[in-house]
Amino acid sequence: MIYIDKHAVIDDGVEIGPGCKIWCFSHLIAGSKIGSNCNIGQNVVIGPDVAIGNGCKIQNNVSIYKGVTLEDDVFCGPSMVFTNVFNPRAGIRKMDQARSTLVRHGATLGANCTIVCGVVIGEYAFVGAGAVVTRDVPAHALVYGNPAIRHGWVCQCGEKLDSNLYCPVCGLHYKSCADGLVLHRCG
């Protein structure tokens, strides 16, 4: 079952998976694809050619523009921002210069952060509130600031890892890899 608030606008040609909730004043534009069990808050705009995976939570006042892909279980905090053209001008049409942005499985994008187009946010990365992301973020990295830089690592449960890459809450252990961190599996 899908819940769509009576004040939401869903264009023809939008694919919405089962179990989704779409709240008031949101607009899903033709050509967008929404996975199952997503929660789309109020006043959200999802542009054409946007792909959103399963289990994503998009809080109020988020616009997801053409070229953005969210894998499964991505959290977009309130009023966070995606861009899609690196150097826009009002008087010059530049949509042919749109850069794609990929947010990998389980990542969190904090309230009011800005994701500059053309980057990849790694699996389970955590972008702090208000951060401005101008380059790729490794898997499990905790980044914040302007520009965003790494201030540690986070577990897939969202807790900050200790200096030995152990999670103090769930006990998972990680090891470094080329793209950030991966779970450490013994044997």
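Preceding this paragraph is the structure being described.
All of the points below concern the structure found in this document. Fair warning: this is a prediction, and the values are worked out from it, not measured in the lab.

### Things to note about the sheet that holds strand β21 (residues 141-144)
Inference 1: With mixed pairing, nine strands are arranged side by side in an open sheet as β1-β4-β7-β10-β13-β16-β19-β21-β22. Lying at the two open borders of the sheet, with one neighbouring strand each, are β1 (3-4) and β22 (149-153).
Inference 2: Across two bridges, strand β13 (residues 75-76) lies against strand β16 (residues 108-109) in parallel orientation. Following the sheet pairing, C76 is matched in β16 by L109.

### Overview of the pattern of salt bridges
Inference 1: Considering all chains together, one arrives at two salt bridges under this definition.
Inference 2: Ionic pairing is found between D49 and K66, a salt bridge with its closest N-O pair at 3.6 Å. On the criterion of sequence distance, the pair formed by D49 in the loop between β8 (45-46) and β9 (51-52) and K66 in the loop between β11 (63-64) and β12 (68-70) is long-range, its members being 17 residues apart.
Inference 3: Across the salt bridge formed by E71 and R104, the nearest N and O atoms sit 3.0 Å from each other. Taken together, the positions of E71 in the loop between β12 and β13 and R104 in the loop between β15 (101-103) and β16 put the pair 33 residues apart, joining distant regions of the chain.
Inference 4: Judged by its relative accessible area of 24%, E71 is partly exposed.
Inference 5: We classify R104 as partly exposed; its relative accessible area is 31%.

Conventions and cut-offs
Residues numbered from 1 in each chain as written. Predicted model: local features only at pLDDT ≥ 70, side-chain atom pairs only at ≥ 80, totals over all residues. Heavy atoms only, no water. Pairing = 2+ DSSP bridges. Helix = DSSP H or I, 4+ residues; strand = E, 2+ residues; numbered from the N terminus. Salt bridge = Lys/Arg side-chain N within 4 Å of Asp/Glu carboxyl O. Buried < 20%, exposed > 50% of the residue type's maximum accessible area, 1.4 Å probe, protein only.

As far as function goes, none of this settles anything; it's purely spatial.
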